[in-house]
Amino acid sequence: MKFSRTLINTIKDYKTEGEEQGLKSQEYLTRGGFILQIASGIYDFLPLGKMMLDNIQNIIKEELNNAGCVEVDLAFVCPEELWQKSGRAEKYGKELLRIDDRKGQKFVLSPTCEELMVELAKSKITSYRQLPMNIYQIKLKFRDELRPRFGLLRGREFVMKDGYSFHESEEDMLREFHLMEETYKKIFRRLELDFKVVEADSGAIGGSGSKEFMVLANAGEDTLAICKSCEYGANVEAAKRKPKKRARLDATTSEEVYTPNTKTIVELSSFFGVEAGRFVKAVVKEAIYEDANKNTPIVFFIAGDDELEETKALNASGALALLDIDEAGLKERYPDKNIALGYVGLGVECEYFVDSELLDRNDMITGANKANYHIKGVSVKAPIERVKDLVLVEEGDACPQCGADLSYAKGIEVGHIFQLRTRYSEPMGAKFLDKNGKTQPFIMGTYGIGVSRLISAIIEQNSDEKGCILPSSIAPYQVDIIVSNVKDATQFEAASKIYEELKNAKIRVILDDRDERYGHKMADFELIGFPYALIVGKNIAQGGVEIVNRRTLTKEPFSYENAKDELIKRVKGDLKC
Ligand code: ATP
Ligand code: MG
């Protein structure tokens, strides 16, 4: 491609603002002319962005096809009725964009495609002989995100690879899940990313057993608990730890203690003269359900030196959301419940859950469920269905696998694989005939990759203060031939010749043939981040050119004869990694 013929408009002055301040991917993708913002969370992909998307998609497709997956292209507009059948129509809330057609029929813009894919399987896969089957697509998705932000990292309209596998048995689904984990690792390695596979929460889609692929970058919205000694890593939403080491105390007789105006763990700790871990801390939330009549306060009991992990609490409650609630809110909306904030303890007369590490601990101190009183000498007991893992795993906690210290890292979620089982096939009646002639619901897995998000994630990991540093695997052009002075016929002809040769050698190459200053062309090269530049300047008279490596910004002289082979060698070398 000739620079003069393509649509690349770089912008000099553009600064990210607000939340996006300092977000390099957003600044460079906009300044480099990869994308154009149309509305909040909605972008046009310009030629450079579109080529990046295509290159990422090609790598994904190659690896998936190699692993035996088949590609389809499902409708983007999905009848809402299917979402009613799966039970997600209400659960998904406002992120789901709903539309009515002229006849008043209801549709949704797919945020993921479980429903459509299950419908497809239902009508086309009838026998165990057709199983297993792994079907995927790479397609636009729409989520009316509450806070679209960070450019392509959290768009409303975005490109996702979504795949769904169908099996006759649990074992076969687990085999495929493992195969997809390995396939995803190959994909992200080919994209030259520094990533980590972590245990994850399964969120609104449901199912259990899920892993996320996290690109390690400070711009990430997710916090990961990572073990430096072993492979263990988890999103904090799902992280586990070895139970905290605590002294085993004997059971004692309980006793009510007058604790005037002593509500917080810090105040209590100094009042009783014992460490925070000896208290049963009560965190009160208001649980919001689809049916507002079910809304209720819930108390989560954890040790005084722990924090509540909100996603774990949400999963325990089965609610749509958990909100903070104060004394006034409790009085107004739940006047019949006796919840003495600051003095809430075990035995409270409302919904509650107890953290598993609290169970069976003796000689604890808990609220007495009346103002200004606590009870000491309490043994923690609870029915098993009330006992859940509720705590936030913190830095320094012990790895659940090897016991070494865990630490935090920030990650961008670029992939997510789930063991769905019969979460959709059962309610939607998607069944096949098994070997014995009996009908069974499909056992399913689902596998997603954030394709457009990957563009930003790659740049978050590959950039410097001048611009992007694109990996050769996905760079729109791997070599940028910069003609220093296009009016100089020797320079221009030499550059044009090597341009044709590199094209013939299947290198993605762009010839900067613009009648612009050399400095301007170099600045564009640095901002866009093509992996290599070949500078054809005055030295061509003596048969000399220069190769610039974008990552190191080193400029090396080469003879014109050798430059082509050197560039081919470098690009091919990059692709082997
Ligand atoms: P997140 O937690 O970031 O909101 P999610 O867990 O809701 O994502 P999934 O339903 O697992 O997302 O979707 C599969 C993949 O699609 C994610 O791993 C992510 O890479 C990508 N993705 C999800 N939401 C967006 C978005 N708003 N913009 C761009 N990519 C997205
Ligand atoms: Mg996810």
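Our subject is the structure that appears above.
Along every chain, residues carry numbers that run from 1 in the direction the sequence is written. Chains and ligands are labelled by the order in which they are written, letters from A for the one and numbers from 1 for the other. In keeping with the predicted nature of the model, local features appear solely for residues at pLDDT of at least 70, side-chain atom pairs appear and are counted solely at 80 or more, and the whole-chain, interface and lining totals rest on all residues. Excluded from the side-chain calculations are hydrogens and water; all other atoms, namely the structure's heavy atoms, are used.

What follows deals with the packing of helix α1 (residues 24–31) against helix α10 (residues 451–461). Angles shown run from 0 to 180 degrees and are taken between the N-to-C directions of axes, each axis being a line fitted to C-alpha atoms and, for helices, limited to the stretch in contact. By the criteria applied, helices consist of DSSP H or I runs no shorter than four residues and strands consist of E runs no shorter than two, each listed in order from the N terminus. Two elements in contact, α1 and α10, have axes separated by 8 Å at closest approach and are oriented at 110 degrees. With respect to α10, the axis of α1 lies roughly perpendicular. Contacts between α1 and α10 involve K24, S25, Y28 and L29 from the former and I455, S456, I459 and E460 from the latter. By residue class, the composition of the contact of α1 with α10 is four nonpolar, two polar and two charged. Reported orientations rely on four angle classes, namely roughly parallel under 35 degrees, roughly antiparallel over 145, roughly perpendicular from 65 to 115, and oblique for the rest. Throughout, a residue-residue contact means that at least one pair of heavy atoms, one from each residue, lies within 4.5 Å. The nonpolar class holds Ala, Val, Leu, Ile, Met, Phe, Trp, Tyr, Cys and Pro. Asp, Glu, Lys and Arg form the charged class, and all remaining residues, Gly among them, are polar.

With that settled, consider empty space enclosed by the protein. Here a cavity denotes a set of grid points, spaced 1 Å apart and computed over the protein atoms alone, in which a 1.4 Å probe fits but from which it cannot get out, and a pocket denotes an open set meeting protein on both sides within 12 Å along at least five of seven lines; residues with an atom within 4 Å of a point are reported as lining. Grid points are joined across faces, edges and corners, and a volume is the space filled by probe spheres set on the points. Per the stated rule, a full pass over the model turns up one cavity of 30 Å³ or more. If you add up the space inside the largest cavity, you get close to 40 Å³. Taken together, G41, Y43, F45, G151, L152, G155, E157, F158 and S452 make up the lining of the largest cavity. Of all the elements in the fold, those that place two or more residues in the lining of the largest cavity are β2 (42–45) and β8 (157–167). Tallied by class, the residues present in the lining of the largest cavity amount to four nonpolar, four polar and one charged.

This paragraph deals with the sheet that holds strand β14 (residues 280–288). The five strands lie next to each other as β16-β14-β15-β17-β20, forming an open sheet whose pairing is mixed. Because the sheet does not close on itself, it has two edges, and the strands there are β16 (321–324) and β20 (387–388). Pairing analysis gives four bridges linking strand β15 (residues 296–303) to strand β17 (residues 351–355), with the strands arranged parallel. Considered in β17, the bridge of F300 is made with F353. Two strands make a pair as long as DSSP finds a minimum of two bridges between them.

Put simply, two rings from Phe, Tyr or Trp (the six-membered ring, in Trp's case) pair if the centres are within 6.5 Å, and we call them stacked under 30 degrees between planes, edge-to-face over 60, tilted for the rest. Tallying each qualifying case throughout the model produces 13 aromatic pairs. Their ring planes at 65 degrees and their centres at 5.9 Å tell us that Y477 and F530 sit as a pair that is edge-to-face. Taken as a pair, Y477 in the loop between α10 and β25 (479–483) and F530 in the loop between α12 (518–528) and β27 (532–536) lie far apart in primary sequence, 53 residues in all. Summary of the burial criterion: residues with accessible area below 20% of their type's maximum are buried, those above 50% are exposed, and those between are partly exposed, where the area comes from a 1.4 Å probe applied to protein chains only. A residue is classified by how much of its surface remains accessible, and F530, at 0% relative accessible area, is buried. The ring centre of F353 lies 5.1 Å from the NZ or CZ of R386, which sits over that ring. Our definition puts a charge over a ring when NZ of Lys or CZ of Arg is within 6 Å of the ring centre and also within 35 degrees of the ring normal. R423 extends its terminal NZ or CZ atom over the ring of Y424, reaching a point 4.5 Å from the ring centre.

What follows is about the site of ligand 1. The rule for a residue being near a molecule or strand is that one of its heavy atoms must lie within 4 Å of it. Close to ligand 1 lie 14 residues, the nearest being R143, E145, R154, G155 and E413. In the environment of ligand 1, an oxygen atom lies 2.8 Å from a nitrogen or oxygen atom belonging to the side chain of R154. Take E413: an N or O atom from its side chain is 2.6 Å from an oxygen atom of ligand 1. For accessible areas, the Shrake-Rupley method is used with a probe of radius 1.4 Å. Any residue's cover is judged against the shown protein chains and nothing else. Computed on the free molecule, ligand 1 has an accessible area of 580 Å², of which 86% lies beneath the protein chains in the complex. For the shell around ligand 1, the secondary-structure elements that each account for two or more residues are β8 and β21 (406–421). The element that contributes the greatest number of residues to the shell around ligand 1 is β21, accounting for four residues. In terms of residue class, the shell around ligand 1 is built from five nonpolar, four polar and five charged. By the criterion applied in these results, polar contacts are pairs of N or O atoms within 3.5 Å in which, for protein atoms, one can donate a hydrogen and the other can accept it, and in which residues neighboring in sequence qualify only through two side-chain atoms.

Turning our attention to the nonpolar core. Nonpolar side chains in soluble globular proteins tend to end up buried together. For this analysis, a nonpolar core means a set of buried residues of the types Ala, Val, Leu, Ile, Met, Phe, Trp, Tyr and Cys, connected via side-chain atoms within 4.5 Å. If you look at the biggest cluster of nonpolar residues, it comprises 60 residues, and the most contacted ones within it are F34, I56, Y184, F188 and L191. No other element matches the seven residues that helix α2 (residues 47–66) contributes to this core. Discounting residues that sit within four places of it in the chain, Y184 has contacts with L64, K161, F213, H416, I417, Y447, G448 and I449. Within the second largest apolar cluster, 26 residues are counted, among which are Y92, I125, L131 and Y424.

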